[in-house]
Amino acid sequence: MNMIDHITIRHYEENDLPSMISIWNEVVEEGIAFPQEECLAMLSGRDFFASQSYSGIAEEITSGRILGLYILHPNNIGRCGHICNASYAVYSQYRGMHIGEQLVLNCIQKAHDLGFKILQFNAVVSTNLHARHLYERIGFTQLGTIPNGFRLKNGQYEDICSYYIEV
């Protein structure tokens, strides 16, 4: 059976935090996808995930192992507060197993449930081809490209692409 048949996406719990922080920090340390440069510690991670409109995790059903996560929050305020933003992370050893796709699909539904109208990604690194192909396959529309909008960990710059989908 496929790994996707053995996972559930659910709201995080306090005991999920060590795995969530580890997954998040792995992506931050890679320096090729998230804009953050500082890793999360237990206290900052607890505050960070609690401050989101929703923080979901992908859990392998039989083992209880946390494989990935997403965060969902407003992209703006006031008259643009109906637009949300999200970030996704999957442990590197589980990438390529369609876990990210399940996280994105769950996030779209959760955004709708929370009353958001649009899910917008501000800064998808242009070389993150797996994410870009996934978003386009699901139905996201690319809005444009910002040249040299992302500074990689090695100091080089890459373009960023913005995407949106109505939820």
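A. Representation of the overall build of the protein chain. In terms of regular secondary structure, the protein chain is built from 4 helices and 7 strands. Counting from the amino terminus, the protein chain carries its helices and strands in the arrangement β-α-α-β-β-β-α-β-α-β-β. Against the 2.2 N^0.38 benchmark of 15 Å for 167 residues, the protein chain shows a C-alpha radius of gyration of 15 Å, consistent with a compact globule. The principal-axis extent of the C-alpha atoms belonging to the protein chain is close to 45 × 40 × 35 Å. Residue burial in the protein chain is summarised as follows: out of 167 residues, 45% are buried. Excluding contacts between residues fewer than 6 apart, the proportion of contacts in the protein chain whose partners are at least 24 apart in sequence is 63%. For the protein chain, the accessible surface area stands at approximately 8800 Å², while carbon and sulfur atoms represent 51% of it. Between the averaged position of the 11 positive side-chain charges in the protein chain and that of its 18 negative side-chain charges there is a distance of 4 Å.

B. Region of the structure containing helix H3 (residues 99-113). Taking 1.5 Å of rise per residue, 15 residues should cover 21 Å, and H3 covers 21 Å from first to last C-alpha, within 8% of that figure. Taken together, the buried positions of H3 are occupied by Ile99, Glu101, Leu103, Val104, Cys107, Ile108 and Ala111.

C. Focus on helix H1 (residues 17-30). Look at H1: 20 Å from first C-alpha to last across 14 residues, which is about the 20 Å you get at 1.5 Å a residue. Taken as a whole, H1 has its buried residues at Leu17, Met20, Ile21, Ile23, Trp24, Asn25, Glu26, Val27 and Val28. On its buried face, H1 sits against helix H2 (42-50), strand S2 (54-60), strand S3 (66-74) and strand S4 (83-90). Residue Gly31 follows H1 closely and has a positive phi angle near 70°.

D. Just the pattern of salt bridges, in detail. Under the definition given, this model contains 8 salt bridges. We note a salt bridge from Arg10 to Glu59, for which the minimum N-O separation is 2.9 Å. Of the two residues, Arg10 sits in strand S1 (residues 7-11) while Glu59 sits in strand S2, which places them 49 residues apart along the sequence. Comparing Arg10 with Glu59 shows no difference in burial state: the two are buried. Of the charged contacts in the structure, one is a salt bridge between Arg46 and Glu14, with a shortest N-O distance of 2.6 Å. With Arg46 in helix H2 and Glu14 in the loop between S1 and H1, this pair connects stretches of sequence that are 32 residues apart. Judged by its relative accessible area of 30%, Arg46 is partly exposed.

Conventions we followed
- Residues numbered from 1 in each chain as written.
- Predicted model: local features only at pLDDT ≥ 70, side-chain atom pairs only at ≥ 80, totals over all residues.
- Heavy atoms only, no water.
- Helix = DSSP H or I, 4+ residues; strand = E, 2+ residues; numbered from the N terminus.
- Rg over C-alpha atoms; globule rule 2.2 N^0.38 Å.
- Buried < 20%, exposed > 50% of the residue type's maximum accessible area, 1.4 Å probe, protein only.
- Contact = heavy atoms within 4.5 Å.
- Areas by Shrake-Rupley, 256 points an atom, 1.4 Å probe, with all protein chains shown as cover.
- Lys, Arg positive; Asp, Glu negative; His and termini not counted.
- Charge placed at Lys NZ, Arg CZ, Asp CG, Glu CD.
- Expected span 1.5 Å × (residues − 1).
- Salt bridge = Lys/Arg side-chain N within 4 Å of Asp/Glu carboxyl O.

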